[in-house]
Amino acid sequence: TETDAPDVVQYEVVEVQSQTQIDRQKAGMSLQGLKHHRQMSEGVQSPQDDEESDGDEPLLSGSGVVSKEVTDDNLLEAWHEVLVKWHQNLSQRPKQVQQLAKKGIPEALRGEVWQLLAGCHDNSELMEAYRILITKESPMESVIQRDINRTFPAHAFFKQSGGLGQDSLYRISKAYSVYDEEIGYVQGLSFLAAALLLHMPEEQAFSVLVKICFDYELRDLFKQGFEVLHLKFYQLERLMQDLTGDLYEHFMEMGLEIHMFASQWFLTLFTAKFPLFLVFHILDLFLCEGKDVIFNVAIALLKMSRKDLLALDFEGILKYFRVHMPKKYRTEEAARELMAAAVSAKVTSKKLKKYEKEYITMKEQEMQQEDPIERMERENKRLLEDNMRLEQENDDLAHELVDSKLTLKSELDEVQDQNKEMKTDLTKHKKLLKDTQEEKHRLEVENQQVKEMCRKELERLETENSRNTVIVTDYKQICTQLSERLEKQQTAHREELSRIKILVKSCEACSKMFDADGKVNLPEPKIDPEKMNPKIVDLQQQVRELELELAQTKLALVESECKTQDLTHSLHAAVSEIQASKNTWFTKTLNSIKEVANTHTGKKEPKD
Amino acid sequence: MSYAYLFKYIIIGDTGVGKSCLLLQFTDKRFQPVHDLTIGVEFGARMITIDGKQIKLQIWDTAGQESFRSITRSYYRGAAGALLVYDITRRDTFNHLTTWLEDARQHSNSNMVIMLIGNKSDLEARRDVKKEEGEAFAREHGLIFMETSAKTAANVEEAFINTAKEIYQKIQDGVFDINNEANGIKIGPQHSPSPSLPSSSGGGAQGSGCC
């Protein structure tokens, strides 16, 4: 951005241009932006075939060449200075801008300068809104779609159905229709949007479009049955009267009225019929000076064609407006001449205000002068229309009400059903809870009982155990007593034997029969048991019995000890089982313990 | 070129039904698939011959969007004939006929001849409104009916000329007051009692149509 040497100026343009590119990149649309620029330079060639023909065919919208090249170095330098200054304080438009814009903004700078002029330097909110708006549906979608390929059909960027240009135009038009609920989409806005789209990415074009509609009051024209547009027609008529009196007279004679040719001028800001070079130049001035510029341009157009128009009749004039007037400005010179005329046209806001007052007074007078019956009839008709509209609205609302009532009813039913179901569920669950609590209580009681039982059983088993221990001790004692008795008897028996031996020895007859060791020496003495000493036999018998009894007792003792050991084990096991669980198999164990105990007792008893 | 009568027409109907294309086909005998959207009003004129008489037709082609009706309404008053156009491939444009007709009847003179036109008859495959339905609607509302194609020019001449014939017949029958230009009819210079007709009767009627 150096300005030292005039030679660098060419580069500077590129520099400023790239600033717009940076904006594009910021908006995430660099690709589209670049593409659309390429398209634009291509598009510049196409409409030229019609350029030289002066036939009856009207120009299509969006035709004409707009070169980006700037040959006037001084102009570029001036713009550069202004832009540097402007960027330092975006809210303050430098004074020189107005003078420069009147001469036309260099094409390469338009995207940036238009945004600055429209006050879009802090438009991030609108751009953000745009991203949301394009996702929303619009009731006007089919109308917009139909209008898109009838907007700037001469321009390569918008030519192709489903192409980038048409897509952008569709989105921006749809977004506006959603954004401005009152106006929605109106035919004509697409031309303006297209002109903007040729200079900047969608979001930024949308922001400028919104500014033009609201801040520059373009949308007011479309409101309330185009009432403001009719005021504009009157103002233009009065300006014609004032500034091009003879033409006005001629138009009057021919029966030609302003609305027959000027609606487009106001509604599309001249974007719909004229070559692009002029269209853009008009937008330069419009964005710089404001909405009244339309009158300047309109007066200039009429003045420049004054001679031609004066020579034409009604049909000729209308055809001239449709075909020849737009074609007249295919050259830059003609366009510049027109814009110079527009700038110098004596259209003042004072005049416009005066005409506005006139118009209002006239309307009021018309109302008053009108036959009261006619007025009342009209009023009545208006009221009837209002009434009809309101009835319609009422119907719609009633319908809506019925609908919502129905919906609510069905929702209520559903909720009631749900409620009923939940109540049933609740009852069921309550019952279940009660059952469970009862079950718990029952189990607790049972648990208590089982514990009690176990305790008792344990006590019983302990008692039994101690009783068994006593029995065992008793048996041991008995055994000892028996052993003692046996020993005594053995001793007694030995004494008896030795006494008998002595007796035998002392007996002659008998001693022979025994050797020194006392053994019977007789060859098989025939002992007649019946002749045997019954006492010996008896003793022998007694000894055998005692020995047998001793053996049995010992056996019983061992068994008892084993049983006792078993019982102790079982007891320990039972105690730990009781502590570990109280489930049903415990009862089994308990039973088995009981059984064991019983069998044990059963076995004991017969021995006792 | 001099003429015996001048009839003023207005073409109405939903946006995109082919009003501008019908006018272009009638005035220039060509079809332009790519053309500009009509904002406000456009104008076309052509001379025709009925009963050996030269008749000039001046035709106002209007914007179809509903919000523009307050602008186009002022053109009803000075019209002798109206072409009410719908698109045979779009049912909604047929459904809107009633409101268009109400609007036309309300703002025009009662004798205005209305021709109902089902346009785009070349798109038979995409037809959404039967010819019989158009005929029935026309019969019910006292309109003349034709199906046309601005693309192939089928019935386009006939539509404009038959409307003119009907108006001409009404003049012969004395139904129209031909001296009141608000009826959309003007007697040509050779019939005129005064040779300076354009200057004497230029503004009046249409003036009332404006503002």
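Because the structure is predicted, anything quoted here is derived from the model rather than measured. (Residues numbered from 1 in each chain as written. Chains lettered and ligands numbered in written order. Predicted model: local features only at pLDDT ≥ 70, side-chain atom pairs only at ≥ 80, totals over all residues. Heavy atoms only, no water.)

### Details of the overall build of chain B
Move 1: When its secondary structure is counted, chain B shows eight helices and seven strands.
Move 2: A buried classification covers 58% of the 211 residues belonging to chain B. (Helix = DSSP H or I, 4+ residues; strand = E, 2+ residues; numbered from the N terminus. Buried < 20%, exposed > 50% of the residue type's maximum accessible area, 1.4 Å probe, protein only.)

### Side note on the interface of chain A and chain B
Move 1: If you look at the interface, chain A gives 44 residues, while chain B gives 37 residues.
Move 2: Each partner contributes to the roughly 3400 Å² buried at the junction of chain A and chain B, and carbon and sulfur atoms together form 55% of this total.
Move 3: Of all residues in chain A, the largest losses of buried area upon contact with chain B belong to Arg150, Gln187 and Glu315 of chain A, amounting jointly to 19% of the total for that side.
Move 4: Here chain A is connected to chain B by three salt bridges.
Move 5: Between lysine 56 of chain B and glutamate 315 of chain A there is a salt bridge, with its nearest N and O atoms 2.9 Å apart.
Move 6: Between the two partners, chain A and chain B, sit 13 residue pairs in polar contact (both at pLDDT 80 or more).
Move 7: Of all elements in the fold, only helix H7 (141-148), helix H10 (189-197), helix H12 (227-243), helix H13 (245-254), helix H14 (259-268), helix H18 (314-328), helix H20 (349-369) and helix H21 (372-506) of chain A reach the threshold of two or more residues within the side of chain A that touches chain B.
Move 8: At six residues, H14 of chain A tops the list of elements feeding residues into the side of chain A that touches chain B.
Move 9: Split into classes, the residues belonging to the side of chain A that touches chain B amount to 19 nonpolar, twelve polar and 13 charged. (Contact = heavy atoms within 4.5 Å. Buried area = accessible area lost by both parts, 1.4 Å probe. Salt bridge = Lys/Arg side-chain N within 4 Å of Asp/Glu carboxyl O. Polar contact = N/O pair within 3.5 Å; in protein donor to acceptor, adjacent residues only side chain to side chain. Nonpolar A, V, L, I, M, F, W, Y, C, P; charged D, E, K, R; others polar.)

### Considering the pairing of strand S2 (residues 41-50) of chain B
Move 1: In terms of burial, S2 of chain B is a largely internal element, eight of the ten residues being buried.
Move 2: With antiparallel pairing between neighbouring strands as the criterion, S2 of chain B and strand S3 (residues 53-62) of chain B make up a hairpin whose turn holds two residues, including aspartate 51 of chain B at a positive phi of roughly 55 degrees. (Pairing = 2+ DSSP bridges.)

### Focus on a negative patch on the surface
Residues and elements named next belong to chain A.
Move 1: Together, Glu391, Asp395, Asp396, Glu400 and Asp403 make up a negatively charged patch on the protein surface.
Move 2: Here glutamate 400 lies in helix H21.
Move 3: Residue class for glutamate 400 comes out exposed when judged on its relative accessible area of 52%. (Patch = residues over 30% accessible without salt bridge, like charges linked within 9 Å, V, L, I, M, F, W, Y side chains within 5 Å. Areas by Shrake-Rupley, 256 points an atom, 1.4 Å probe, with all protein chains shown as cover. Lys, Arg positive; Asp, Glu negative; His and termini not counted. Charge placed at Lys NZ, Arg CZ, Asp CG, Glu CD.)

### Comments concerning the UniProt feature "coiled-coil region" (unreviewed entry) in chain A
Move 1: Here the UniProt-annotated "coiled-coil region" (unreviewed entry) positions come out as residues 345-460 and 536-563 of chain A.
Move 2: In the segment residues 536-563 of chain A, helix accounts for 100% and strand for 0%; the C-alpha atoms at its two ends are 40 Å apart. (UniProt positions renumbered as here; feature names shortened; annotations may be inferred.)

### Quick look at the packing of H7 of chain A against helix H9 (residues 164-179) of chain A
Residues and elements named next belong to chain A.
Move 1: Between H7 and H9, the shortest axis-to-axis distance is 10 Å and the interhelical angle comes to 145 degrees. In this structure, H7 crosses over H9, and the sense of that crossing is right-handed. Along its contact with H7, which presents Glu141, Ile144, Gln145 and Ile148, the element H9 presents Gln166, Leu169, Tyr170, Ser173, Lys174 and Ser177.
Move 2: A per-class count over the contact of H7 with H9 returns four nonpolar, four polar and two charged. (Axes fitted to C-alpha atoms, helices over the stretch in contact; angles between N-to-C directions. Left-handed = near helix turned anticlockwise from the far one by under 90°.)

### Details of the pattern of salt bridges
Move 1: The final tally for this structure, using the stated rule, is 45 salt bridges over all chains.
Move 2: Here glutamate 446 of chain A makes a salt bridge to arginine 442 of chain A, at a shortest N to O gap of 3.3 Å. Highlighted residues: glutamate 446 of chain A and arginine 442 of chain A, both in helix H21, separated by four residues, approximately one helical turn.
Move 3: The class of arginine 442 of chain A is partly exposed, set by a relative accessible area of 41%.
Move 4: One salt bridge in this structure joins arginine 127 of chain B and glutamate 124 of chain B, with 2.7 Å as the shortest N-O distance.

### Thoughts on unusual backbone geometry
Residues and elements named next belong to chain B.
Move 1: Positive phi is not limited to glycine here, since lysine 29 has a value of about 55 degrees.
Move 2: Its place among the elements puts lysine 29 in the loop between helix H1 (19-28) and S2.
Move 3: Of the residues examined, lysine 29 reaches a relative accessible area of 52% and is grouped as exposed.
Move 4: One non-glycine residue, alanine 153, adopts positive backbone phi at about 70 degrees.
Move 5: When its relative accessible area of 30% is taken as the criterion, alanine 153 is described as partly exposed.

### Observations concerning the packing of aromatic side chains
Move 1: Taken as a whole and assessed by the stated rule, the structure comprises 32 aromatic pairs over all chains.
Move 2: On the numbers, 6.1 Å between centres and 70 degrees between planes, the contact of phenylalanine 233 of chain A with phenylalanine 266 of chain A is edge-to-face. One end of the pair, phenylalanine 233 of chain A, is in helix H12; the other, phenylalanine 266 of chain A, is in helix H14, with 33 residues separating them in the sequence.
Move 3: Ring plane angle 70 degrees and centroid distance 5.0 Å describe the contact between tyrosine 86 of chain B and phenylalanine 94 of chain B, whose orientation is recorded as edge-to-face. The burial state of tyrosine 86 of chain B is the same as that of phenylalanine 94 of chain B; both residues are buried.
Move 4: Looking at lysine 8 of chain B, its charged tip hangs above the ring of phenylalanine 314 of chain A, at a distance of 5.3 Å from the centre.
Move 5: Its guanidinium or amino end placed over the ring of phenylalanine 26 of chain B, arginine 46 of chain B lies 4.3 Å from that ring's centre, counting from NZ or CZ. (Phe/Tyr/Trp six-rings, centres within 6.5 Å; stacked < 30°, edge-to-face > 60°. Lys NZ or Arg CZ within 6 Å of the ring centre and 35° of its normal.)

### With respect to the confidence of the model for chain A
Residues and elements named next belong to chain A.
Move 1: In the predicted model, chain A carries a mean pLDDT of 84, and 85% of its residues have values of at least 70.
Move 2: Mean pLDDT in chain A bottoms out at helix H2 (residues 30-43), which sits at 41, and peaks at helix H16 (residues 293-304), which reaches 96.
Move 3: Confidence over residues 1-51 falls short of pLDDT 50; this stretch has 77 contacts with residues more than four positions distant or in other chains. (pLDDT = per-residue confidence, 0-100.)

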